[in-house]
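# Coordinates in review
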Amino acid sequence: MKHVLLMLALMLAAAMSLHAAVGCDLNDPDRDVKRLFPNSSGYKTFYVSVQQKGGKDLLAKVEKRLGDKFTGMFETMDVPYTVYEVYKDKQVIGYIHGVNQKGQYGGIQIFLALDTKGTITAFYYQKLTNQSAKAFRSAEFGRQFVGLSMKDFTAYEPATGKLEGTLAKIKNPAPKAERDFKATFRGVKKNLILMEEFGYIK
Amino acid sequence: MPSLFGVAWKNLLRKRLRSLLTIVGIALSTWVLVSLLGFNQGYENSLNKDIDNLGFQVLLTAKGCPYEAATLMLKGGTGLKYMPESIIDSVVANPQVERVTPMLMHAVFDPNKGESGGITAFLGIDPATYPAMKTYLQFQQGSWFSRPEALEAVFGYESAELEQREVGDEYLLPESDAVVTVVGVLKRSGTQDDGTIFLPIKALQKIYGVENLVTSIGIKVQKETDLTAYEEELYKLTDVQVVSMAQVKQTISNLVATARVMVMSIAIIAILIAMVGVMNTVLMSVLERWQEIGIMKSMGAMTSHIFRLIWFETILLTFAGGVLGSVMSWILASTTDTLIRSVLPYSPTSSLVQVDILLALKAIGIIMAIGIVSGIYPAWKAARIRPIEAIRSTDGEQ
């Protein structure tokens, strides 16, 4: 019984220490970095926020580039974003960055692996709540984002969700889940903009 | 004729740096003392508040059932054991029981959470009784469920943040096709409720096919109830385990007791150092003024005058240090709070160090008492100076 009570006491302590805004971290960075960059030898983790990097001015700039406002209780300036800078020996070979995006039935966590020029080398849903989640999380769907970069998303307007240019080739794997399909593009565009604005991608 | 205070004050000002350093030393000791006395009363109050915030004093669960979401996660969502809802009637039959609230914890595997899936836990609650037990829960948005069996959900702040849910949004329950509407998002409470997704118990039972079953019952008993005796009575029910919040409190208190003893020991050492420091400062001052005191006595100052003068200087030093230390402890209360939190195995959520005026006065009183005791020897030493010998001497005491 003593052990049970001790555990409860420690759990209370753990639960009470959680107060920071939720960012978007890899569930298992060691494993995930190696999976996304098989030739990597290490990585560094950086925590950055719009508030810290430029405040309201930066927020306005990001929103303008995104073509949409940051909305709701949880898409705010102070959300900490986690950037994993990936190394091969001492050389930076790329980045991994995830964002939270509001989906139809729950939160979507969209991770991108990028090379140093900002080209997507891997696309990955860490979390997605939808009846068609399996189709979205399939390798085939994710592969369609590989090779794209910010210039492909510049014209994308989250409000209309209309796909043009190279993006038009990406097919919705679950037509019933149109909202999450559109949310994915908004999330990817936001992810790329933030990586540029935070100064990781030139 | 100058007053005793005036003479003592001037004497202290003659060696300003030494007086100042002595006052700072006393102030630091007072700071430690006030903070620790504040901690003693603050910790107890804070812990009681946390326990009260749990809403019930006794949690009844099926034997071996993990009763906390965190334990459930550690066990990979397995190991849930159920009790029939009818057990509530047996519990309520006891006149010592003020209120009960049934709960159903349900954990499901969500294959789309993380690389290889994860566990999501839900807590089914009775909207008629649970909110009354957890009165500290406040809403950021919305409110509790509209009906006992409604397909609705209330999210703790952190679970809402993770799922990016707000009032009016839909949420798909994993391992089912059921979609619930978010009707409330709670404010941060600093408890495990922040990470909980609440559903009406009837709805949760129906969706996951566990009708008429519960995993735990929260029990609030009458104030005058002997909890230990009541727990024994509960164990007469078959296959149950009883978790008493009084026991939890005792366990936490035991965890902290060792740390408190260590910290109090440090405080006593700090006070002793201050005491020796004061005595040393005043004694040095007496030795330096050996001739001067001799002259004062030759001019008619009585032994009692000299004794009172030196003693008063000591009391002035300790009073100034005590006041400064009390002010410091009040200003630095939050810093002290953080420092203490960093060494404790468990810290309640609200303020650990509660400094109030009564406590500050008490500490000043203790420090002045120390000053009074410390000042006796130097004052006695000064009072017994023989004028002729003192005037003849060249280097203070011979």
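Residues numbered from 1 in each chain as written. Chains lettered and ligands numbered in written order. Predicted model: local features only at pLDDT ≥ 70, side-chain atom pairs only at ≥ 80, totals over all residues.

### Focus on the overall build of chain B
When you go through chain B residue by residue, the secondary structure sums to 14 helices and twelve strands. Buried positions account for 43% of the 398 residues belonging to chain B. Pairs at least 24 apart in sequence give 81% of the contacts found in chain B among residues at least 6 apart. (Helix = DSSP H or I, 4+ residues; strand = E, 2+ residues; numbered from the N terminus. Buried ≥ 20, exposed ≤ 12 C-beta atoms within 10 Å, placed from the backbone. Contact = placed C-beta atoms within 7 Å.)

### Brief notes about the overall build of chain A
Secondary structure summary: chain A contains eight helices and five strands in total. Counted from the first residue to the last, chain A has its helices and strands arranged as α-α-β-α-α-β-β-β-β-α-α-α-α. Scored against the burial criterion, the 202 residues of chain A give a buried share of 37%. Of all intrachain contacts in chain A linking residues separated by at least 6 positions in sequence, the fraction that spans at least 24 positions is 66%.

### A closer look at the packing of helix α4 (residues 55-66) of chain A against helix α8 (residues 178-197) of chain A
Residue and element names in this part refer to chain A. Interhelical geometry of α4 versus α8 gives an angle of 140 degrees and a closest axis separation of 10 Å. In terms of axis orientation, α4 runs oblique to α8. The handedness of the crossing between α4 and α8 comes out as right-handed. Within the contact between the two elements, α4 uses L58, K61, V62, R65 and L66 and α8 uses K189, K190, I193, L194 and E197. (Axes fitted to C-alpha atoms, helices over the stretch in contact; angles between N-to-C directions. Parallel < 35°, antiparallel > 145°, perpendicular 65-115°, else oblique. Left-handed = near helix turned anticlockwise from the far one by under 90°.)

### Here we look at the nonpolar core
Considering soluble globular proteins, one finds that nonpolar side chains tend to be buried as a cluster. All names here are of chain B. Ranked by size, the top nonpolar core spans 49 residues in total, and within it A153, F155, L199 and L204 carry the most contacts. Among residues more than four places away in sequence, those in contact with F155 are A160, E163, R165, V182, V185, L186 and I197. Grouped together as the second largest cluster of nonpolar side chains are 48 residues, I23, A27, L47 and V248 included. (Core = buried A, V, L, I, M, F, W, Y, C linked by C-beta atoms within 7 Å.)

### Things to note about the sheet that holds strand β5 (residues 120-127) of chain A
All names here are of chain A. Pairing in this open sheet of five strands is antiparallel, and the strands run β1-β2-β3-β4-β5 from one edge to the other. The sheet is open, and its two borders are formed by β1 (42-48) and β5, each paired with just one other strand. Taken pair by pair, the neighbouring strands of this sheet meet at an average axis angle of 20 degrees, ignoring direction. With seven bridges connecting them, β1 and strand β2 (residues 81-88) associate as antiparallel partners. (Pairing = 2+ DSSP bridges.)

### What to know about the confidence of the model for chain B
Residues and elements named next belong to chain B. Residues of chain B with pLDDT of at least 70 account for 92%, and the chain-wide mean is 84. At the level of individual helices and strands, chain B shows its lowest average pLDDT in helix α3 (residues 69-74), which scores 55, and its highest in strand β6 (residues 152-155), which scores 97. The ipTM, which scores confidence in the relative placement of chains, is 0.83 for this predicted complex, and the corresponding pTM is 0.66. (pLDDT = per-residue confidence, 0-100.)

### With respect to the packing of helix α1 (residues 4-14) of chain B against helix α11 (residues 303-331) of chain B
Residue and element names in this part refer to chain B. As a packed pair, α1 and α11 sit with axes 9 Å apart at the nearest point and diverge in direction by 65 degrees. By the angle between their directions, the pair α1 and α11 is classed as roughly perpendicular. Taken as a pair, α1 and α11 cross one another with a handedness that is right-handed. The segment α1 lies against α11, with L4, V7, A8, W9, N11 and L12 engaging R308, L309, F312, E313, L316 and L317. Grouping the constituent residues of the contact of α1 with α11 by class yields nine nonpolar, one polar and two charged. (Nonpolar A, V, L, I, M, F, W, Y, C, P; charged D, E, K, R; others polar.)

### Structural notes on unusual backbone geometry
With phi around 55 degrees, D89 of chain A is a residue other than glycine that occupies positive phi space. Structurally, D89 of chain A can be placed in the loop between β2 and β3 (91-102). Looking at D89 of chain A, the number of C-beta atoms within 10 Å reads 8, which means it is exposed. Its identity is not glycine, yet E175 of chain B carries a phi of approximately 65 degrees, on the positive side.

### Regarding the environment of K187 of chain B
Mapped onto the secondary structure, K187 of chain B falls in the loop between β8 (179-186) and β9 (197-200). Residues in contact with K187 of chain B, not counting those within four places in the same chain, are Q138, F139, Q140 and Y157 of chain B.

### Notes on the pairing of β3 of chain A
All names here are of chain A. Of all twelve residues in β3, nine are buried, a share of seventy percent or more. Two strands pair when backbone bridges link them, and β2 and β3 are joined in this way by six bridges, in the antiparallel orientation. Across the sheet, the residue bridging to V86 is G94, located in β3. Bridge count between β3 and strand β4 (residues 107-114): eight bridges; the pairing is antiparallel. Bridging from a neighbouring strand, G98 pairs with F111 of β4.

### Quick word on the environment of I26 of chain B
As for its position among the elements, I26 of chain B is in helix α2 (residues 16-53). Remark: the alpha-carbon pair of I26 of chain B and V278 of chain B, spanning 252 residues in sequence, is separated by 7.9 Å.

### Thoughts on helix α13 (residues 357-383) of chain B
Here α13 of chain B spans 37 Å end to end across 27 residues, near enough to the 39 Å set by a 1.5 Å rise per residue. At I376 of chain B, α13 of chain B shows its maximal kink, close to 35 degrees; a proline, P378 of chain B, follows between one and four residues later. (Expected span 1.5 Å × (residues − 1). Bend = angle between axes of the 7 residues up to and from the residue.)

### A few points about the environment of N130 of chain A
Along the chain, N130 of chain A falls in the loop between β5 and α5 (133-136). In this structure the C-alpha to C-alpha distance between N130 of chain A and G106 of chain A, which are 24 residues apart in sequence, comes to 7.7 Å. Excluding its chain neighbours within four sequence positions, the residues that come into contact with N130 of chain A are G103, Q104, Y105, F136, A177 and D180 of chain A together with L172 of chain B.

### Brief notes about the confidence of the model for chain A
Do not read the fine detail of predicted coordinates wherever pLDDT is low. On average, residues of chain A score 88 in pLDDT, and 89% of them reach the 70 mark or higher. Every residue in residues 1-20 of chain A scores below 50 in pLDDT, and together they form 28 contacts with partners more than four places removed in sequence or on other chains.

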